[in-house]
Amino acid sequence: MEFLLQPLTLLTFFPILGVVVILFMNSEMKSAIRWVALVTSLITFGISLWVLGQFNASNPNLQLEAKYAWIHVAGWNIYYYLAVDGLSILLVLLTAFLTPISILSTWTAVEDRVKDFMVFFLLLEVGMTGVFLAQDLFLFYIFWEFTLVPMYFLIGLWGGPRRVYAAIKFFLYTMAGSILMLVAILFLGIQTNTFNIPQMLVRLPDLYATGTSTAGTQMLLFLAFTAAFAIKVPMWPLHSWLPDAHVEAPTAGSVILAGVLLKMGTYGFLRFNIPLFPNAAIQAAPWIALFATIGIIYGAAVSFAQSDVKKLVAYSSVSHLGFVMLGLFALNSVGVSGAILQMINHG
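Residues numbered from 1 in each chain as written. Predicted model: local features only at pLDDT ≥ 70, side-chain atom pairs only at ≥ 80, totals over all residues. Heavy atoms only, no water.

Engineer: Explain the overall build of the chain to me, please; I cannot follow it from the model alone.
Structural biologist: Each helix and strand counted, the chain has 15 helices and 2 strands in total. Relative to the 2.2 N^0.38 estimate, which gives 20 Å for 347 residues, the radius of gyration of the chain is 20 Å and therefore close to what a compact globule would have. Taking the principal axes of its C-alpha atoms as reference, the chain extends roughly 65 × 55 × 40 Å. Evaluated residue by residue, the chain yields a buried proportion of 55% over its 347 residues. Residue pairs in contact within the chain that sit at least 24 positions apart in sequence constitute 75% of those at least 6 positions apart. Summed over all atoms, the accessible surface of the chain reaches about 14,100 Å², with 70% contributed by carbon and sulfur. For the chain, the distance from the average site of its 14 positive side-chain charges to the average site of its 14 negative ones is 6 Å. (Helix = DSSP H or I, 4+ residues; strand = E, 2+ residues; numbered from the N terminus. Rg over C-alpha atoms; globule rule 2.2 N^0.38 Å. Buried < 20%, exposed > 50% of the residue type's maximum accessible area, 1.4 Å probe, protein only. Contact = heavy atoms within 4.5 Å. Areas by Shrake-Rupley, 256 points an atom, 1.4 Å probe, with all protein chains shown as cover. Lys, Arg positive; Asp, Glu negative; His and termini not counted. Charge placed at Lys NZ, Arg CZ, Asp CG, Glu CD.)

This is the structure:
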């Protein structure tokens, strides 16, 4: 019971309660299903405000920690570990705020298989919230991959004429980068004997100092994480999945895709790439800045040619997120602060 009532656990998994209720409802009760989904998302937003009320903005450390032993076999020390800090609290609030707005936008727009749609949408909220709160790399990866499934079905079942093509393209692009990140996560976990991110941050400098992890290895790990996060941002030239997914997705899916899912990529760079691989981040910064700048100009220029408002938002998002990446890899406090502000502004 203590586990279930822990604020961050409750915030992350409360939408599951709405999913369970909807699953027991008759598919023909479309209006009731919509109300259950909306009320569930509004209560989740209320829980996020409750979490905000308990959050101490003057404390830079992780807060409201929920940490429980999970998998401890063959030297793998994996925890169910959720916590919040100044970065994740903003993105969690953004997620909880946009979800009920997105559900409202479907009120008359989605008439086919409403029950399935709302189930997938609430499950997507669980995955997104978990990504921003997970403090164990293995748990983070589970949430990260979990978001693929409901988004794939939201695009593939309720999207436009080319929905199947767009859904498969979205899935394959994201999965390709995620596989490389999984290999890097397993390597890091074995090297440091933990998947706990705070512990990993303490142990990695010793590995770097003793030469156990060479500069080349650090760069390879950096690139493996970059593959997953750069596709999700998406950075030029890995952006081509976004216009298709954005245009073909139902409007509610487009809102969440641009408003939250893209931020998972920039969040990953700030949470993992820069602190875990500092030397590689410094070496890669000029290249990241170059690709970000190309993305800013390219996305803005292509936006001018669009008559479809969804495609306009997709290409302008490439441009806007380029500014975020440029700020992050300025590698100073002003740049990082501006990048976080722009992440929330864009959402």
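Having seen it, we continue.
Engineer: How do you make sense of the side chain of Glu125 when you look at a structure like this?
Structural biologist: Along the chain, Glu125 turns up in helix H5 (residues 114–133). Despite its burial, Glu125 pairs with no opposite charge, the nearest such side chain being Lys263 at 15 Å. (Salt bridge = Lys/Arg side-chain N within 4 Å of Asp/Glu carboxyl O.)

Engineer: Teacher, can you tell me more about the pattern of salt bridges here?
Structural biologist: When their charged atoms lie close together, side chains carrying opposite charge are able to pair. Counted according to the given criterion, the structure contains 4 salt bridges. The residue Arg113 makes a salt bridge to Asp116 at a minimum N-O spacing of 3.1 Å. Across the pair Asp244 and Arg162 runs a salt bridge, and its minimum N-O distance is 3.3 Å. Remark: Arg162 occurs in the loop between helix H7 (148–158) and helix H8 (163–192) and Asp244 occurs in helix H11 (residues 241–248); sequence separation between them is 82 residues. Via salt bridges that share partners, Arg162, Lys169 and Asp244 belong to a single interconnected network.

Engineer: Where do I start with unusual backbone geometry in this structure?
Structural biologist: Negative phi characterises most residues that are not glycine, and trans characterises most peptide bonds. Of note, the amide linkage connecting Val233 to Pro234 takes the cis form, showing an omega dihedral of -10°. Relative to the elements of secondary structure, Pro234 occurs in the loop between helix H10 (215–232) and H11. One non-glycine residue with positive phi stands out, namely Asn193, at about 60°. Looking at the secondary structure, you find Asn193 in the loop between H8 and helix H9 (197–210). At Leu331, a position not held by glycine, the phi torsion is positive, near 60°. Residue placement: Leu331 occurs in the loop between helix H14 (309–328) and helix H15 (333–346). Relative accessible area serves as the criterion here: at 35%, Leu331 is assigned to the partly exposed category.

Engineer: Before we go on, may I ask you to explain a nonpolar patch on the surface in this structure?
Structural biologist: A surface patch of nonpolar side chains, amounting to about 480 Å² of accessible area, comprises Phe13, Ile16, Val20, Leu23 and Phe24. By relative accessible area, Val20 is classed as partly exposed at 37%. (Patch = residues over 30% accessible without salt bridge, like charges linked within 9 Å, V, L, I, M, F, W, Y side chains within 5 Å.)

Engineer: Mind showing me how you'd approach the packing of helix H2 (residues 7–23) against helix H3 (residues 30–54) here?
Structural biologist: A pair of packed helices is captured by two measures, namely the crossing angle of their axes and the spacing between those axes. Across the interface, H2 lies against H3 with an axial gap of 9 Å and an inter-helix angle of 175°. Here H2 lies roughly antiparallel to H3, going by the angle between them. Side by side, H2 and H3 meet where Pro7, Leu8, Leu10, Leu11, Phe14, Pro15, Gly18, Val21 and Ile22 of the first sit next to Ile33, Val36, Ala37, Thr40, Ile43, Thr44, Ile47, Ser48, Trp50, Val51 and Gln54 of the second. Looking at the contact of H2 with H3 residue by residue, the class counts come to 15 nonpolar, 5 polar and no charged. (Axes fitted to C-alpha atoms, helices over the stretch in contact; angles between N-to-C directions. Parallel < 35°, antiparallel > 145°, perpendicular 65-115°, else oblique. Nonpolar A, V, L, I, M, F, W, Y, C, P; charged D, E, K, R; others polar.)

Engineer: It is not clear to me how the packing of helix H6 (residues 137–146) against H7 should be interpreted in this structure. Could you clarify?
Structural biologist: Look at H6 against H7: their axes get within 5 Å of each other, and the N-to-C directions meet at 5°. Considered as vectors, H6 and H7 are oriented roughly parallel to each other. Here H6 contributes Trp144, Glu145 and Phe146 to the contact with H7, which in turn contributes Leu148, Val149 and Pro150. Along the lines of polarity and charge, the residues of the contact of H6 with H7 split into 5 nonpolar, no polar and 1 charged.

Engineer: Would you mind showing me how to read the packing of aromatic side chains here?
Structural biologist: Centre distance and the angle of the planes are the two values used to describe a pair of aromatic rings. Summed over the entire model, instances satisfying the criterion amount to 27 aromatic pairs. Measuring from centroid to centroid gives 5.3 Å for Tyr152 and Phe153, while their planes differ by 80°, and the two rings are edge-to-face. With centroids separated by 5.7 Å and ring planes inclined at 80°, the aromatic side chains of Phe269 and Phe329 adopt a geometry described as edge-to-face. Taken as a pair, Phe269 in helix H12 (residues 251–276) and Phe329 in the loop between H14 and H15 lie far apart in primary sequence, 60 residues in all. According to the relative accessible area criterion, Phe329 is buried, its value standing at 5%. Among the aromatic residues, those joined into a cluster by ring pairs are Phe140, Trp144, Phe222, Phe225, Phe229, Phe269, Phe272, Phe277 and Phe329. Its end group placed over the ring of Tyr79, Lys67 keeps NZ or CZ at 5.0 Å from the ring centre. Over the ring of Trp144 we find Lys232, and its NZ or CZ is 5.1 Å from the ring centre. (Phe/Tyr/Trp six-rings, centres within 6.5 Å; stacked < 30°, edge-to-face > 60°. Lys NZ or Arg CZ within 6 Å of the ring centre and 35° of its normal.)

Engineer: For this particular structure, what's the right way to read the nonpolar core?
Structural biologist: General note: in soluble globular proteins, nonpolar side chains tend to be found buried as a group. One finds Leu137, Phe225 and Phe329 to be the most contacted residues of the largest nonpolar core, which totals 111 residues. When residues in this core are grouped by element, the largest group, 14 residues, is from H5. Setting aside residues up to four positions removed in sequence, Phe329 forms contacts with Phe222, Phe269, Ile274, Ala281, Ala285 and Ile288. (Core = buried A, V, L, I, M, F, W, Y, C linked by side-chain atoms within 4.5 Å.)

Engineer: Looking at this structure, I do not really get the environment of Phe222. What am I missing?
Structural biologist: Checked against the element boundaries, Phe222 lands in helix H10. In the structure, Phe222 is positioned 56 residues away from Pro278 in sequence and 9.1 Å away in space, judged by C-alpha atoms. Once residues within four sequence positions are removed from consideration, Phe222 is found in contact with Asn273, Phe277, Ala280, Ala281, Ala284 and Phe329.

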